[in-house]
2 protein chains.
Amino acid sequence: MATVYQHSTLAALMGKVLGGSATLAELKQHGDTGIGTFDGLDGEMIMVDGEVYYMDGEGQIHHVTDMEKTVPFATVHHIDDEKQKVSFSAGDMKEMVSLISDRQLENTFSGVVLRGSFNHMKVRSAPKSERPFPSLSEITHTQREFEKNDVDGVLIGYYSPELYQGTVAAGWHVHFLSDDRTFGGHVLGFDANELAGDLTIFDNYELHLPIHDKEFREHHVDMDGLKEGVAAAEGSQD
Amino acid sequence: MATVYQHSTLAALMGKVLGGSATLAELKQHGDTGIGTFDGLDGEMIMVDGEVYYMDGEGQIHHVTDMEKTVPFATVHHIDDEKQKVSFSAGDMKEMVSLISDRQLENTFSGVVLRGSFNHMKVRSAPKSERPFPSLSEITHTQREFEKNDVDGVLIGYYSPELYQGTVAAGWHVHFLSDDRTFGGHVLGFDANELAGDLTIFDNYELHLPIHDKEFREHHVDMDGLKEGVAAAEGSQD
């Protein structure tokens with residue numbers, strides 16, 4: 001048994017519901033491992049072994065100890081849930097895509113925690129937005145990309161089937177944190193000699209909605225624009 | 001706090017994954033109130049106060065006591081979860097649709113348990129399908145409709161936002177059971193003088209996927225055909 005827990009939806013983010021609506025303390029009740037972003041779509045969040053790290057819009061990494069800090073969106077799971085070992089002799093996003101097709105996991109939520117030495121890593125992070133919040137596509141113009149060669153670190157990523165596009169970004173969504181805690185972000189691409197870690201196949205997808213949040217209740221989901229919007233905002237990770 | 005628990009997806013049913021993949025015993029761990037169908041898309045299921053009823057393809061109602069009976073799809077919740085009283089001076093599907101818009105619940109999963117006297121009730125039920133399973137649209141040709149006037153009973157229904165179309169049928173999905181346990185099914189329409197009961201607004205949507213089921217793992221989700229397919233198979237309830 002394994003459960004992946006998600007707070008809010010990508011459609012809410014696309015509907016400019018970017019205010020934090022769950023605390024890290026609440027989130028940590030549902031997992032010790034995960035990814036997300038902070039109030040105002042402020043940078044990128046990664047949770048490793050119960051510790052939370054914040055990559056700001058300038059690419060700087062901060063260890064977060066204030067558990068009252070809030071998130072508008074996040075995905076977490078417990079690393080001790082049922083899982084299996086996986087390794088790749090070489091690693092890039094294509095191998096992670098193959099992992100899903102090789103094991104017939106197209107219809108299932110999965111997660112990975114992979115460690116290795118990376119020849120190259122390319123990430124992005126966005127600066128905090130203020131109210132009135134911009135759209136995700138406007139934010140793509142302010143976010144910055146960062147690259148690093150020869151870096152050791154951990155990838156934490158979740159795979160979601162295409163069926164759930166809009167609730168979440170379908171396909172892989174992966175964050176990185178270097179072992180020396182100086183580099184990380186939302187992964188755009190990477191190249192590794194060897195990668196090893198854990199694959200968790202989730203039989204439970206638990207979606208928590210901020211039903212008391214006025215902006216969440218009021219946001220309009222543009223179903224027609226959803227698919228194109230997701231592609232534009234998330235970009236390709238292949 | 002309230003949680004709605006769903007086993008499998010409408011997309012899986014549309015992909016002909018109609019075999020039972022959870023027992024009633026498993027389902028009852030997650031709720032005492034709910035709706036669904038049985039192995040082979042066999043009739044309609046309604047769970048009231050922890051008791052399970054099966055409406056067969058001929059419109060007959062059976063009290064189910066074998067908790068090893070399986071379901072390919074079901075939605076349940078605990079009636080004791082946080083809820084609020086609701087009542088309508090007149091009742092039809094339009095009032096249930098208004099309930100959602102009046103209370104700004106378009107982005108949220110909700111459930112109702114409503115009791116009343118119905119001037120008219122129209123339901124449907126489908127006979128069990130055998131392998132190789134037909135498509136949902138083929139099954140619409142074998143299902144039968146049943147009508148009754150002046151009947152007392154209970155409606156159990158779930159509302160899902162449009163965002164989740166395909167994971168579940170968006171909008172209301174409602175089953176009926178008469179108080180004398182002789183009539184019921186998947187509700188196509190009704191007319192009541194007065195309806196009263198409970199509205200539950202769920203902050204947790206828990207989706208359980210039969211990840212060890214070969215047919216579930218292998219089914220292909222036709223994303224393009226999904227929306228039209230749902231409309232054709234579920235029909236209008238307005």
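What you see as residue numbers is a count from 1 along each chain, following the sequence as written. Throughout, the order in which chains and ligands are written sets their labels, letters from A for the former and numbers from 1 for the latter. Reporting in this predicted model follows two pLDDT cut-offs: at least 70 for local features of residues, and 80 or more for side-chain atom pairs to be given and counted; totals over whole chains, interfaces and linings ignore these cut-offs and use all residues. With hydrogens and water excluded, all non-hydrogen atoms of the structure serve as input to the side-chain values.

A. Broad picture of the overall build of chain A. When helices and strands are tallied, chain A shows six helices and 14 strands. The size measure is the radius of gyration over C-alpha atoms, and the globule rule it meets is 2.2 Å times the number of residues to the 0.38 power. Since a compact globule built from 238 residues should have a radius of gyration of about 18 Å, the 16 Å found for chain A is in line with a globular shape. Buried residues in chain A amount to 61% of all 238 residues. For chain A, the proportion of contacts with a sequence separation of at least 24, taken over those separated by at least 6, is 77%. Only the protein chains shown count as covering a residue, and every accessible area follows the Shrake-Rupley method with a 1.4 Å probe. Accessible surface, chain A as shown: approximately 9,400 Å² in total, 45% of it carbon and sulfur. Averaging the locations of the 18 positively and 40 negatively charged side chains of chain A gives two centres separated by 3 Å. Helical segments are the DSSP runs of H or I of at least four residues, strand segments are the runs of E of at least two, and each set is numbered from the N terminus. Relative accessibility decides the category of a residue: with a 1.4 Å probe and only protein chains considered, values under 20% of the type maximum give buried, values over 50% give exposed, and everything between is partly exposed. Contact definition: two residues touch when any of their heavy atoms are within 4.5 Å. For this count, His and the chain ends are skipped, Lys and Arg are scored as positive, and Asp and Glu as negative. Taken as the charge location is NZ of Lys, CZ of Arg, CG of Asp or CD of Glu.

B. Highlighting the nonpolar core. The biggest cluster of nonpolar side chains holds 134 residues, and the ones touching the most others in it are M121 and L155 of chain A together with M121 and L155 of chain B. Not counting chain neighbours up to four residues away, the residues in contact with M121 of chain A comprise F146, E147, K148, V151, L155, F176, F183, V187, G189 and F190 of chain A. Core analysis: the second largest hydrophobic core is formed by 14 residues, L24, M45, M67 and V71 of chain A among them. Residues belong to a common nonpolar core when they are buried Ala, Val, Leu, Ile, Met, Phe, Trp, Tyr or Cys residues joined through side-chain atoms within 4.5 Å.

C. Here's a closer look at the side chain of H219 of chain B. The residue H219 of chain B is located in the loop between helix 5 (214-218) and helix 6 (223-234) in this model. Judged by relative accessible area, H219 of chain B falls into the buried class, the value being 9%. With residues up to four places along the chain from it excluded, the contact list for H219 of chain B reads N107 of chain A together with A11, A12, G15 and V17 of chain B.

D. Fine view of unusual backbone geometry. For the bond from R131 of chain A to P132 of chain A, the omega torsion is -5°, close enough to zero to count as cis. Positive phi, close to 50°, is recorded for D49 of chain A, a residue that is not glycine. Considering the arrangement of structural elements, one finds D49 of chain A in the loop between strand 4 (42-48) and strand 5 (51-55). Even without being a glycine, S8 of chain B presents a positive backbone phi close to 65°.

E. Local environment of the layout of surface pockets. Using protein atoms alone on a 1 Å grid, points that fit a 1.4 Å probe yet trap it form a cavity, whereas open point sets bounded by protein on both sides within 12 Å along at least five of seven lines form a pocket; residues with an atom within 4 Å of a point count as lining. Grid points are joined across faces, edges and corners, and a volume is the space filled by probe spheres set on the points. Taken as a whole, the largest pocket holds about 470 Å³ of empty space. Q165, M223 and K227 of chain A together with M223 and K227 of chain B are the residues nearest the centre of the largest pocket, which is lined by 13 residues in total. Elements with a contribution of two residues or more to the lining of the largest pocket: helix 6 (223-234) of chain A together with helix 6 of chain B. Taken together, the residues that form the lining of the largest pocket break down as six nonpolar, two polar and five charged. In the scheme used here, Gly and all other residues not listed as nonpolar or charged are polar, with Ala, Val, Leu, Ile, Met, Phe, Trp, Tyr, Cys and Pro taken as nonpolar and Asp, Glu, Lys and Arg as charged.

F. Inspection of the packing of aromatic side chains at higher detail. Residue and element names in this part refer to chain A. The aromatic pairing rule takes the rings of Phe, Tyr and Trp, using the six-membered ring of Trp, and pairs them if the centres are within 6.5 Å, calling planes under 30 degrees apart stacked, those over 60 edge-to-face and the rest tilted. Per the stated rule, a full pass over the model turns up 18 aromatic pairs over all chains. Through a chain of ring-to-ring contacts, the aromatic side chains of F118, F176, F183 and F190 assemble into a single cluster. The ring centre of F38 lies 4.8 Å from the NZ or CZ of K69, which sits over that ring. Over a ring means this: the NZ of a Lys or the CZ of an Arg is within 6 Å of the ring centre and within 35 degrees of the ring normal.

G. Quick look at the interface of chain B and chain A. In this complex, chain B contributes 31 residues to the contact, which on the side of chain A involves 31 residues. The buried area of a pairing is the accessible area, by a 1.4 Å probe, that goes missing from both parts when the two are put together, added over both. Approximately 2,900 Å² of surface area, both sides summed, lies buried where chain B meets chain A, with 53% of it carried by carbon and sulfur atoms. On the chain B side of the contact with chain A, N107, L163 and R217 of chain B bury the most area, a combined 24% of that side's loss. Salt bridges are defined as contacts in which a side-chain nitrogen from Lys or Arg sits within 4 Å of a carboxyl oxygen from Asp or Glu. Summed over the shared surface of chain B and chain A, the number is zero salt bridges. Between N or O atoms, a polar contact is any pair within 3.5 Å; within protein, one atom must be a potential hydrogen donor and the other a potential acceptor, and residues adjacent in sequence are included only when both atoms are from side chains. Our count for the chain B to chain A interface comes out at 14 residue pairs in polar contact (both at pLDDT 80 or more).

H. Examining the pattern of salt bridges more closely. Throughout the structure, instances matching the rule amount to 14 salt bridges over all chains. Linking K128 of chain A and D39 of chain A is a salt bridge whose minimum nitrogen-to-oxygen distance equals 3.5 Å. With K128 of chain A in the loop between strand 10 (109-125) and helix 4 (136-142) and D39 of chain A in the loop between strand 3 (33-38) and strand 4, this pair connects stretches of sequence that are 89 residues apart. Residue class for D39 of chain A comes out partly exposed when judged on its relative accessible area of 25%. With its nearest N and O atoms 3.0 Å apart, the salt bridge here joins K214 of chain B to E218 of chain B. Note that K214 of chain B and E218 of chain B are positioned in helix 5 at a spacing of four residues, about one turn of the helix. When its relative accessible area of 41% is taken as the criterion, E218 of chain B is described as partly exposed.

I. Quick peek at the relation of the copies chain B and chain A. Between chain B and chain A, which share one sequence, the superposing operator has a rotation angle of 180° and an axial displacement of 0.0 Å; the RMSD is 0.0 Å. Overall, the copies show the geometry of a two-fold rotation axis. Proximity to the rotation axis, assessed at the C-alpha, singles out E206 of chain B in chain B; its C-alpha lies 2.2 Å from the axis. The fraction of interface residues of chain B whose copies in chain A are also interface residues reaches 100%, indicating that both copies meet through the same surface. Least squares is the method for superposing the copies, and the C-alpha atoms it fits come from residues with pLDDT of at least 70 in both.

J. Spatial organisation of helix 3 (residues 93-102) of chain A. Residue and element names in this part refer to chain A. Along helix 3, the positions that sit buried rather than exposed are M93, M96, L99 and I100. The arc that holds every buried residue of helix 3, seen down its axis, measures 110°, which confines them to one face. Turned more than 90 degrees away from the buried face of helix 3 sit K94 and D102, all of them exposed. Here the buried face of helix 3 lies against strand 9 (84-88), strand 10, strand 11 (144-160), strand 12 (171-178) and strand 13 (184-202). Starting at the helix axis, one direction is taken to each C-beta atom, and the arc is that of these directions.

K. Inspection of helix 3 (residues 93-102) of chain B at higher detail. All names here are of chain B. Those residues of helix 3 hidden inside the fold are in contact with strand 9 (84-88), strand 10 (109-125), strand 11 (144-160), strand 12 (171-178) and strand 13 (184-202). Capping the start of helix 3, D92 holds a side-chain oxygen 3.0 Å from the backbone nitrogen of K94, two or three residues further along. Following helix 3 by one or two positions, Q104 adopts a phi angle in the positive range, close to 55°.

L. Region of interest: the environment of G116 of chain B. All names here are of chain B. Along the polypeptide, G116 turns up in strand 10. Separated by 62 residues in the primary sequence, G116 and Y54 have C-alpha atoms spaced 21 Å apart. Ignoring any residue separated from it by four or fewer positions in sequence, one finds G116 in contact with V151, D152, G153, E194 and L195.

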